[in-house]
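Each chain, letter by letter, is given below.
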Amino acid sequence: EQDVSEYKKSLAIRVSGFDASRPIKTFEDCGFSAELMKAIAKQAYEKPTPIQCQALPIVLSGRDAIGIAKTGSGKTASFVLPMIVHIMDQPELGKEEGPIGVVCAPTRELAHQIYLEAKKFAKAHGIRVSAVYGGISKLDQFKELKAGCEIVVATPGRLIDMIKMKALTMLRATYLVLDEADRMFDLGFEPQIRSIVGQIRPDRQTLLFSATMPRKVEKLAREILTDPVRITVGEVG
Ligand code: ADP
Ligand code: MG
């Protein structure tokens, strides 16, 4: 158990005032900052994809969510954009150490893709993103994390290594994303995921994305998400 009581008082975990019950139709409906809207326009994202229409208001409202949709449906932006809003909402931004947003993905390729997507939008607000996965020197990664960041995109094994090396702590983390959860289970990352989740305060916002929901993933979701909204788009197992 970490002592987060002091810090907790100053945290705005829930992004207030957003109506989670109605899907949005345009990015303008999301109440994003002008800077973020510019970054979205730069990506030539004209309108939100179906999963984004459903997921954005729910995630922006602060609720936990399970997103089930096939590859290529635009899941990344549906958790990255609200993550930027969540981070900008923290009143003590810059005072504490460690990432606020933590994204876990099964492979370095996937983690790298999310890292690139997150960077495009994080840049709009000077938010720092670090990528943590195998194939990069541990020392370089250690140094980068020590310099500080607000978002970490990681594969579970390497993230655990970095936590053990004290390159970062999960003390400030309040927004957790498990992307491609089914693949993380297939690759045997369940113990690492549980260890990471166990280090993040329980009143965090948690999002789980998966192409399929096998029983083991369903069980994990029941254990680590709080009253999640389930979003299913398209025909998926
Ligand atoms: P998923 O994680 O569901 O497999 P991605 O988030 O990787 O999908 O998105 C797939 C592709 O669609 C990416 O190239 C991404 O840049 C693009 N994309 C995402 N959202 C939009 C949007 N609203 N409009 C146009 N393209 C988008
Ligand atoms: Mg994806």
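Each value, and the rule that gives it
Residues numbered from 1 in each chain as written. Chains lettered and ligands numbered in written order. Predicted model: local features only at pLDDT ≥ 70, side-chain atom pairs only at ≥ 80, totals over all residues. Helix = DSSP H or I, 4+ residues; strand = E, 2+ residues; numbered from the N terminus. Contact = placed C-beta atoms within 7 Å. Near = placed C-beta within 6 Å. Nonpolar A, V, L, I, M, F, W, Y, C, P; charged D, E, K, R; others polar. UniProt positions renumbered as here; feature names shortened; annotations may be inferred. Buried ≥ 20, exposed ≤ 12 C-beta atoms within 10 Å, placed from the backbone. Pairing = 2+ DSSP bridges. Core = buried A, V, L, I, M, F, W, Y, C linked by C-beta atoms within 7 Å.

Caption draft 1: Looking closely at the overall build of the protein. Looking only at helices and strands, one finds ten helices and seven strands in the protein. In the protein, the proportion of contacts linking residues at least 24 apart, taken out of those at least 6 apart, comes to 76%.

Caption draft 2: Quick peek at the site of ligand 1. Taken together, Tyr45, Pro48, Thr49, Gln52, Ala69, Thr71, Gly72, Ser73, Gly74, Lys75, Thr76 and Ala77 form the complete shell of residues around ligand 1. It is helix α4 (residues 75-88) that contributes the most residues to the shell around ligand 1, three residues altogether. In the shell around ligand 1, the residues fall into four nonpolar, seven polar and one charged.

Caption draft 3: Fine view of the UniProt feature "short sequence motif: Q motif" (unreviewed entry) in the protein. As annotated in UniProt, the feature "short sequence motif: Q motif" (unreviewed entry) corresponds to residues 25-53 in the numbering used here. A distance of 6 Å separates the end C-alpha atoms of residues 25-53, which is 45% helix and 0% strand.

Caption draft 4: Representation of the pairing of strand β2 (residues 101-104) in the model. Burial along β2 is two-sided: the face carrying Gly101 and Val103 and the face carrying Val102 and Cys104 are both buried. Pairing analysis gives four bridges linking β2 to strand β4 (residues 151-154), with the strands arranged parallel. Considered in β4, the bridge of Cys104 is made with Ala154. Pairing between β2 and strand β5 (residues 175-178): four bridges, direction parallel. Considered in β5, the bridge of Gly101 is made with Tyr175.

Caption draft 5: Structural view of the nonpolar core. By size, the foremost hydrophobic cluster in this structure holds 72 residues, and its most contacted members are Leu81, Ile84, Cys104, Ala111, Ala118, Ile151 and Val153. In this view, Ile151 contacts Met83, Pro99, Gly101, Ala118, Ala122, Ile127 and Val129; residues no more than four positions away in its chain are not counted.

Caption draft 6: Structural context of the environment of Leu110. Here Leu110 lies in helix α5 (residues 108-122). Along the primary structure Leu110 and Val153 are separated by 43 residues, whereas in three dimensions their C-alpha atoms are 9.5 Å apart. Those residues in contact with Leu110, other than ones at most four positions away along the chain, are Ala105, Asp179 and Glu180.

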